[in-house]
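# Structure assessment
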Amino acid sequence: MTDLLKTRLNRRTVLQAATVGAVGVSPALRALVHAQGSDAPEKKEVKIGFIPLTDCASVVMASVLGFDKKYGVTIIPTKEASWAGVRDKLVNGELDFAHVLYGLVYGVHLGTAGPKKDMAVLMNLNHNGQAITLSKALADKGAVDGPSLAALMAREKREYTFAGTFPTGTHAMWMHYWLAAAGINPVSGAKLITVPPPQMVANMRVGNMDGFCVGEPWNHRAIMDGIGITANTTQDIWRDHPEKVLGTTADFVKKHPNTTRAVMMAVLEASQWIDASLSNKMKMAETIAGKAYVNTSVDAINQRILGRYSNGVGGGQGKTWDDPNHMKFFNDGAVNFPYLSDGMWFLTQHKRWGLLKSHPDYLAVAKQVNQVDLYRSVASAMKVNVPKDVLRTSKLIDGVVWDGKDPARYADGFKIKA
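Source: prediction; values computed, not measured. (Residues numbered from 1 in each chain as written. Predicted model: local features only at pLDDT ≥ 70, side-chain atom pairs only at ≥ 80, totals over all residues. Heavy atoms only, no water.)

## Here's the deal with the sheet that holds strand 8 (residues 211-215)
Spatially, 7-6-8-5-9 is the arrangement adopted by the five strands of the open sheet, whose pairing is mixed. Since the sheet does not close on itself, it has two edges, and those belong to strand 7 (191-194) and strand 9 (228-233), each with one partner. With direction set aside, neighbouring strand axes in the sheet form an average angle of 30 degrees. In this sheet, strand 7 lies alongside strand 6 (residues 161-164) in parallel orientation, the contact comprising four bridges. Considered in strand 7, the bridge of Ala163 is made with Ile193. Packed onto the sheet, helix 10 (residues 170-181) meets strand 5 (130-135), strand 6, strand 7, strand 8 and strand 9 and runs at close to 135 degrees relative to strand 8. (Pairing = 2+ DSSP bridges. Helix = DSSP H or I, 4+ residues; strand = E, 2+ residues; numbered from the N terminus. Axes fitted to C-alpha atoms, helices over the stretch in contact; angles between N-to-C directions. Contact = heavy atoms within 4.5 Å.)

Here it is in structure tokens:
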């Protein structure tokens, strides 16, 4: 910065700039404001919890590639053993942020998933890229999708066990929705258990469950290990569905607004970087496959992030396909916007399956949790596209349309429910 610029930028100018914020301020002025401490991150080092899954990639790469330092923070990615552990450490402050299940954040906010605490969804981390895996034993009897599973369960009556990763989380809701779409009541007609993502394959290997829903790479790993097949991807259930989010407590956002913005910027830039090229995706796969992160082989990760799928079924029913709706981290900003309707959808399913006893004020809760204005300010500063509407419309696998406009009616309208 030149002496002339230093002279012109007196203390009043700096303070005025600070009240406006970093958006639209020249880099030179922003640097001076930052030096004065007005928009400097309140906390320089932050712990971000993650579970070993492909969709932790934007948090990990923000740290590995140094995007965090660019925005004045140091991200410490912290590998966690279970979603319950992530919840507990977020609530008690051991973690500052987390790569976390959308429905977990809402469950904590309403007290349906453990201790009640006001929470915040800062941004989406990814769309798509999870799957329903059925055991090879079921597939050998012809159960390779929802309808054929329903036929087998009707023909061979016993207790069938399926696993999700957390009671109010995304995978539990995809599993419930998928079973119900096939005519199977997941509450009265099956047993649902909770298993941490990295333990899914081992549990299926020893026969603890007939099927599971989890994020990659564990569905593809089950195929590689010869113990499971992919019945459906979650993008089959809901194309471009919300999945993991960058979550924290409402208190953290209030106490550390600049830190929160800085972390969001670093993770958003990492999201852009991952989706920018094939080579970036491959480098990401090589990085997160390491022991410190997902701890699996690179080939368990790299195929499905490129949309190259196989279902792992033998006997002439095997298929491979290129899926344009594979896991995405940015997609020109479409991924990361925290739509209110996305949060509301999870609440409708919590009500549908008896996790909520009465209808909440769906829109009010979503407005409390999803930090739409904060995200918009970050996206604006980074010149990232932001949709105009806070609600979006989707048709799910059963043909039912979700648009967020009458959530109570939607929740009550399903034939199969608790």
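Moving on, there is more to tell.
## Section: the pairing of strand 5
The buried fraction of strand 5 is high, at six of six residues. Pairing of strand 5 with strand 9, which is carried by five bridges, proceeds in the antiparallel orientation. The partner of Thr133 across the bridge, within strand 9, is Thr230. (Buried < 20%, exposed > 50% of the residue type's maximum accessible area, 1.4 Å probe, protein only.)

## Overview of the nonpolar core
Ranked by size, the top nonpolar core spans 126 residues in total, and within it Leu149, Leu246 and Trp345 carry the most contacts. Looking at this core, the element that brings in the most residues is helix 15 (residues 257-276), giving ten residues. In this structure, Leu246 is in contact with Ile48, Phe97, Ala98, Ala120, Val121, Leu122, Met123, Leu125, Val263, Met264 and Val267, ignoring residues within four places of it in sequence. (Core = buried A, V, L, I, M, F, W, Y, C linked by side-chain atoms within 4.5 Å.)

## As for helix 4 (residues 57-64)
Most of helix 4 sits out of view: seven of its eight residues are buried. Taken together, the buried positions of helix 4 are occupied by Ala57, Ser58, Val59, Val60, Met61, Ala62 and Ser63. Where helix 4 is buried, its residues touch strand 1 (45-50), helix 5 (67-70), strand 2 (74-79), strand 3 (97-101), helix 15 and helix 16 (278-288). The positive-phi residue at the C-terminal boundary of helix 4 is Gly66, with phi of around 80 degrees.

## Things to note about the sheet that holds strand 2
The strand order 2-1-3-10-4 describes an open sheet built from five strands, whose pairing is mixed. Of all strands in the sheet, those bounded by a partner on one side alone are strand 2 and strand 4 (119-124). Along the sheet, successive strands turn relative to each other by an average axial angle of 30 degrees, direction set aside. Bridge count for strand 1 against strand 3 is two bridges, and the pairing is parallel.

## Side note on the packing of aromatic side chains
The tally for this structure, following the rule as stated, stands at 16 aromatic pairs. Ring centres of Tyr177 and Trp345 lie 5.9 Å apart, and the angle between their planes is 45 degrees; on these two criteria the pair is classed as tilted. Here Tyr177, found in helix 10, pairs with Trp345, found in helix 18 (residues 340-352); they are 168 residues apart in sequence, far enough to count as distant. Each ring, one from Trp402 and one from Tyr410, has its centre 4.6 Å from the other, and the planes form 50 degrees; the classification is tilted. A relative accessible area of 1% places Trp402 in the buried class. The exposure class assigned to Tyr410 is buried, which follows from its relative accessible area of 10%. Three or more aromatic residues link up through ring pairs in this structure, and these residues are Tyr102, Tyr106, Trp174, Tyr177, Trp238, Trp345, Phe346, Trp402, Tyr410 and Phe414. The ring of Tyr160 carries Arg158 above its face, with NZ or CZ at 3.9 Å from the centroid. Stacked on the ring of Trp321, the Lys or Arg Lys319 has its end atom at 5.2 Å from the ring centre. (Phe/Tyr/Trp six-rings, centres within 6.5 Å; stacked < 30°, edge-to-face > 60°. Lys NZ or Arg CZ within 6 Å of the ring centre and 35° of its normal.)

## Side note on the packing of helix 15 against helix 20 (residues 372-381)
One way to put it is that helix 15 packs onto helix 20 with a least axis distance of 10 Å and a crossing angle of 55 degrees. Comparing the axis directions of helix 15 and helix 20 gives the class oblique. The crossing of helix 15 and helix 20 is right-handed. The residues of helix 20 that touch helix 15, namely those facing Thr260, Arg261, Met264, Met265 and Leu268, are Leu374, Tyr375, Ser377, Val378 and Ala381. (Parallel < 35°, antiparallel > 145°, perpendicular 65-115°, else oblique. Left-handed = near helix turned anticlockwise from the far one by under 90°.)

## Looking at the confidence of the model for the protein
Looking at the protein as a whole, the pLDDT averages 92, with 91% of positions reaching at least 70. Confidence drops under pLDDT 50 across residues 1-36; counting only partners more than four residues distant or on other chains, this segment forms 31 contacts. (pLDDT = per-residue confidence, 0-100.)

## Remarks on empty space enclosed by the protein
All told, the structure shown has one cavity of 30 Å³ or more when counted by the stated rule. In this structure, the largest cavity spans a volume of roughly 40 Å³. Looking at the largest cavity, the residues that line it are Thr54, Gly129, Glu216, Pro217, Ala300, Ile301, Arg304, Ile305, Tyr309 and Met327. Taken together, the residues of the lining of the largest cavity sort by class into six nonpolar, two polar and two charged. (1 Å grid on protein atoms, 1.4 Å probe; cavity = no way out; pocket = protein on both sides within 12 Å on 5 of 7 lines; lining within 4 Å. Points joined across faces, edges and corners; volume = space filled by probe spheres on them. Nonpolar A, V, L, I, M, F, W, Y, C, P; charged D, E, K, R; others polar.)

## So, helix 6 (residues 83-92)
Within the span of helix 6, buried status applies to Trp83, Val86, Arg87 and Leu90. Taken end-on, helix 6 shows its buried residues confined to a sector of 100 degrees, consistent with a single buried face. Buried positions along helix 6 lie against strand 3, helix 7 (102-110), strand 4 and strand 10 (244-249). A positive phi of about 90 degrees marks Gly93, the residue just after helix 6. (Arc of directions from axis to C-beta.)

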